[in-house]
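# Structural overview
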Amino acid sequence: MEDIYPEQFEDVVEFIQATIKRLKRSPDWTIPIRGKRDKIRQRAAANTDTTNGKSRRGRGKNRGCVLKDIHLNVTDLDLGYQTKEELIFRYCSGSCNAPETTYDLILKNLTKNKKLVKEKVRTQVCCRPIAFDDDLAFLDDNLVYHTLKKHSAKKCGCI
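All of these numbers come straight from a predicted model, not from anything done at the bench.

Thresholds, definitions, all that
Residues numbered from 1 in each chain as written. Predicted model: local features only at pLDDT ≥ 70, side-chain atom pairs only at ≥ 80, totals over all residues. Heavy atoms only, no water. Helix = DSSP H or I, 4+ residues; strand = E, 2+ residues; numbered from the N terminus. Buried < 20%, exposed > 50% of the residue type's maximum accessible area, 1.4 Å probe, protein only. Contact = heavy atoms within 4.5 Å. Disulfide = S-S within 2.5 Å.

## Here's the deal with the environment of Cys-127
- Along the chain, Cys-127 turns up in strand E3 (residues 127-132).
- What makes Cys-127 buried here is its relative accessible area of 13%.
- Sequence separation between Cys-127 and Cys-65 is 62 residues; the distance between their C-alpha atoms is 5.5 Å.
- Filtering out sequence-adjacent residues up to four positions away, Cys-127 remains in contact with Cys-65, Val-66, Cys-92, Ser-93, Gly-94, Cys-96, Cys-156 and Gly-157.

Right, here's the structure in full:
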């Protein structure tokens, strides 16, 4: 059988490798866990305890900021791609209860006294990704290869 599109061979190989990586990260690809202690370790390592925002590691000021996930079609991201490819999108959710610092107090005072009128200044920390998943590679319905960078959260924190 002759190669129909030899110039796309490297793209297809890269796509297959990215898909295999994505499958290995998928919750359906996990090895069966034997004991309760192993379950706790896996949950803590994944930082995906979405039951009530509390976990063994999350007893500090960031306990409300957790990593959550949702199964989506790439088209659902509304970035203009038409494809039947699916992904697990991970995002940060929750609140950050951090004590007010001197910096925060100064920003509030400068804003209140109208010293920072034109500036949009945030005085409150928010739950945001501090690390991102690997790039996502996929083919659209027109068989065009695309790669999304920094598309899904890997780890969350209060920034």
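## Regarding the state of the cysteines
- The tally for this structure, following the rule as stated, stands at 3 disulfides.
- Here Cys-92 is linked by a disulfide to Cys-156, with a sulfur-sulfur distance of 2.1 Å. Across the disulfide from Cys-92 to Cys-156, rotation about the S-S bond amounts to roughly -90°, and the bridge is consequently left-handed. Of this pair, Cys-92 sits in strand E2 (residues 86-93) while Cys-156 sits in strand E6 (residues 153-158), and the two are 64 residues apart along the sequence. The exposure classification of Cys-92 matches that of Cys-156, with both residues buried.
- Each bonded cysteine of the protein chain gets a number by its place in the sequence, and the pairs then read 1-4, 2-5, 3-6.
- Distance from the sulfur of Cys-126, which forms no disulfide, to the nearest cysteine sulfur (Cys-96) is 6.8 Å.

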